Amino acid sequence: MEGVMSSLHFWLKVSRPHHCLAAGLAAWVSALLSNGTEWLTMTNLAAASSIALGCLGASVFHYGAANRMYARKYWDLIPLDNPICLQRVGLAFMLTSVIIAVVMLNLFCVIVTFYNTVAIILYARWLAKHWASKNLVIALVCTTPVLLGWFSGHRLNPVVPYGLGAVFCAYWAREIIKDVSDIRANQGIRVTLPIWLGIKQARKVAGGFQCISVVCLLLLSGRLLNYPVYVLAPFSLALTVFGATAWSLFHGQRENSEARWIVYGTWMMICTFFGVRFAYALQSSGP
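Topic: the packing of helix H5 (residues 83–104) against helix H6 (residues 107–123)
The N-to-C vectors of H5 and H6 enclose an angle of 165°; their axes lie 8 Å apart at closest approach. As summarised for this structure, H5 and H6 are arranged roughly antiparallel, according to the angle between their axes. The interaxial crossing formed by H5 with H6 has left-handed handedness. Counting all contacts with H5, which are made through Leu91, Met94, Ser97, Val98, Ala101 and Val102, the residues of H6 involved are Cys109, Val110, Thr113, Phe114, Thr117, Ile120 and Ile121. Its residues assigned to classes, the contact of H5 with H6 shows ten nonpolar, three polar and no charged.

What follows is the structure, encoded as structure tokens:
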């Protein structure tokens, strides 16, 4: 490859390794809460690697498929010499994700990885054109790391469903926030919620979803009251961050910060779930 696509900075930008790491960790921690007492099993590792590779492929593929929109984002421009190449590389990673699920995981996990692959392939060309499909599809994709880990085992711990609800609604809100930031790039290409309703009303809709996310965490709090501080501390941070994001969406105007806050909140949820699993391990090994 030639030009900008040969640079390390370019590939770090389009692959978004921090998102891949977060997806893999989320699937692993969710699998730990679903699969029993072992920390490292083939199932846990397969779930984490499958979703991490799928996330990597989705990011690379989307940058190539949605090149027309990204070319308009002069404030965050990613020039492409060969968008078809990105789509092929991304598709290869996504298919590898599906193959891992087929070989090492159960049918539910195969369905999750297959959904991610089909959704991303169809997204840039069709599903992203209108907010009614756009935000729902990606909110589901962003929730699948937790979902795949949960489906990989016997779904033993009752805290995960609350986390699923919180993450799903938070990422739906985040997609609307990102559409506010990208309103100029989307003009004439997509009918996003900010274009259809206006920025102020779209932010209120995002705030509504974020409030539902907060409610899910409040419901979860009742199941965490007796856990140690290393569980309650990150959970409290997640609840605070999600609550502050909801407040800001109704009363503030900080799109870029709000999108980051949601990501930080999901990291805190990963830490919370890991703490729950660690507490369970200590209890199981006690006298």
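Alright, that's what it looks like, and here's the rest.
Here we look at helix H12 (residues 229–251)
With 23 residues, H12 extends 32 Å between its outermost C-alpha atoms, agreeing within 8% with the 33 Å of an ideal straight helix rising 1.5 Å per residue. For H12, the set of buried residues is Val231, Pro234, Phe235, Ala238, Phe242, Thr245, Ala246, Ser248 and Leu249.

A short note on the side chain of threonine 266
Among the secondary structure elements, threonine 266 is positioned in helix H13 (residues 255–285). With a relative accessible area of 9%, threonine 266 lands in the buried category. With near-sequence residues (within four places) excluded, threonine 266 lies in contact with Val167, Tyr171 and Phe242.

Some details on the pattern of salt bridges
Applying the stated rule across the entire model yields four salt bridges. A salt bridge links lysine 178 to glutamate 175; its shortest N-O distance comes to 4.0 Å. Of this pair, lysine 178 and glutamate 175 both sit in helix H8 (residues 160–181), three residues apart, which is roughly one turn of that helix. Classification of lysine 178 as partly exposed rests on a relative accessible area of 27%.

Focus: a nonpolar patch on the surface
Where nonpolar side chains cluster on the molecular surface, the patch consists of Met42, Ile99, Val102, Val103 and Met104 and spans about 510 Å² of accessible area. Sort the elements by how many residues they give to the nonpolar patch and H5 lands first, with four residues. Structurally, valine 102 is set in helix H5. Taking the relative accessible area as the measure of exposure, valine 102 reaches 52% and is therefore exposed.

What to know about the packing of aromatic side chains
Centre-to-centre distance and the angle between the planes together describe a pair of aromatic rings. Applying the stated criterion to the full structure yields nine aromatic pairs. Ring centres of phenylalanine 168 and tryptophan 172 lie 5.5 Å apart, and the angle between their planes is 75°; on these two criteria the pair is classed as edge-to-face. Pair noted here: phenylalanine 168 and tryptophan 172 are both in helix H8, with a separation of four residues, about one helical turn. By way of ring pairs, the aromatic residues Trp28, Trp39 and Phe274 are connected into one cluster. A cation over an aromatic ring shows up here: arginine 125 above the ring of tryptophan 126, its NZ or CZ 5.6 Å from the ring centre. Sitting over the ring of tryptophan 39, arginine 277 keeps its end group 4.6 Å from the ring centre.

A short note on helix H11 (residues 199–224)
It helps to recall that an α-helix has 3.6 residues per turn; residues three or four apart then point in one direction. For H11, with 26 residues, the first-to-last C-alpha span of 37 Å sits near the 38 Å given by 1.5 Å per residue. Along H11, the positions that sit buried rather than exposed are Ala202, Arg203, Ala206, Gly207, Phe209, Gln210, Ser213, Val214, Cys216, Leu217, Leu220 and Leu224.

Looking at the nonpolar core
With 40 residues, the main nonpolar core has Val159, Leu217 and Leu220 as its most contacted residues. Secondary-structure elements contributing two or more residues to this core are helix H2 (17–32), helix H7 (131–151), H8, H11, H12 and H13. If you tally residues by element for this core, the top one is H8, at ten residues. Setting aside residues up to four positions removed in sequence, leucine 220 forms contacts with Val159, Tyr162, Phe235, Met269 and Phe273. Of all hydrophobic cores here, the second largest spans 14 residues; its members include Phe10, Leu56, Leu80 and Leu86.

Digging into unusual backbone geometry
Even without a glycine there, the phi angle at arginine 16 is positive, about 45°. Topologically, arginine 16 is positioned in the loop between helix H1 (8–15) and H2.

Here we look at the environment of alanine 47
With respect to the secondary-structure elements, alanine 47 resides in helix H3 (residues 42–65). In sequence terms alanine 47 and glycine 153 are 106 residues apart; their C-alpha atoms lie 9.9 Å from each other. Apart from the residues within four sequence positions on either side, alanine 47 is in contact with Ala27, Leu105, Leu148 and Ser152.

Procedures and definitions
- Throughout this document, residue positions are counted from 1 along each chain, in the order its sequence is written.
- Selection of residues for local features in this predicted model requires a pLDDT of at least 70, selection of side-chain atom pairs for listing and counting requires 80 or more, and totals for whole chains, interfaces and linings are taken over all residues.
- Side-chain measures were taken over the full set of non-hydrogen atoms in the model, leaving aside hydrogen atoms and water.
- Note on definitions: angles span 0 to 180 degrees between N-to-C directions of axes, and those axes are lines fitted to C-alpha atoms, for helices only across the stretch in contact.
- Runs of E in the DSSP output that reach at least two residues are strands. Runs of H or I that reach at least four are helices, and both are numbered from the N terminus.
- Angle categories are assigned with fixed cut-offs, so that under 35 degrees is roughly parallel, over 145 is roughly antiparallel, 65 to 115 is roughly perpendicular, and the rest are oblique.
- Rotating anticlockwise by less than a right angle from the far helix to the near helix defines a left-handed crossing, while the corresponding clockwise rotation defines a right-handed one.
- We call two residues in contact when some of their heavy atoms are within 4.5 Å.
- Each residue gets one of three labels, nonpolar for Ala, Val, Leu, Ile, Met, Phe, Trp, Tyr, Cys and Pro, charged for Asp, Glu, Lys and Arg, and polar for the others, Gly among them.
- Multiplying 1.5 Å by the residue count of a helix minus one yields the expected span of that helix.
- A 1.4 Å probe rolled over the protein chains alone gives each residue an accessible area, and that area as a share of the maximum for its type sets the label: buried under 20%, exposed over 50%, partly exposed in between.
- Put simply, a salt bridge is a Lys or Arg side-chain nitrogen that is within 4 Å of an Asp or Glu carboxyl oxygen.
- Patch membership requires more than 30% relative accessible area and the absence of a salt bridge. Residues of like charge join within 9 Å; the nonpolar side chains Val, Leu, Ile, Met, Phe, Trp and Tyr join within 5 Å.
- Surface exposure here means Shrake-Rupley accessible area, sampled with a 1.4 Å probe, where a residue is shielded only by the protein chains that are shown.
- Think of it this way: a Phe, Tyr or Trp ring, Trp meaning its six-membered ring, pairs with another when their centres are within 6.5 Å, and the plane angle makes it stacked under 30 degrees, edge-to-face over 60, tilted otherwise.
- Criterion for a charge above a ring: Lys NZ or Arg CZ within 6 Å of the ring centre, and within 35 degrees of the ring normal.
- Within this scheme, the nonpolar core is defined by two criteria: the residues are buried Ala, Val, Leu, Ile, Met, Phe, Trp, Tyr or Cys, and they are joined through side-chain atoms within 4.5 Å.

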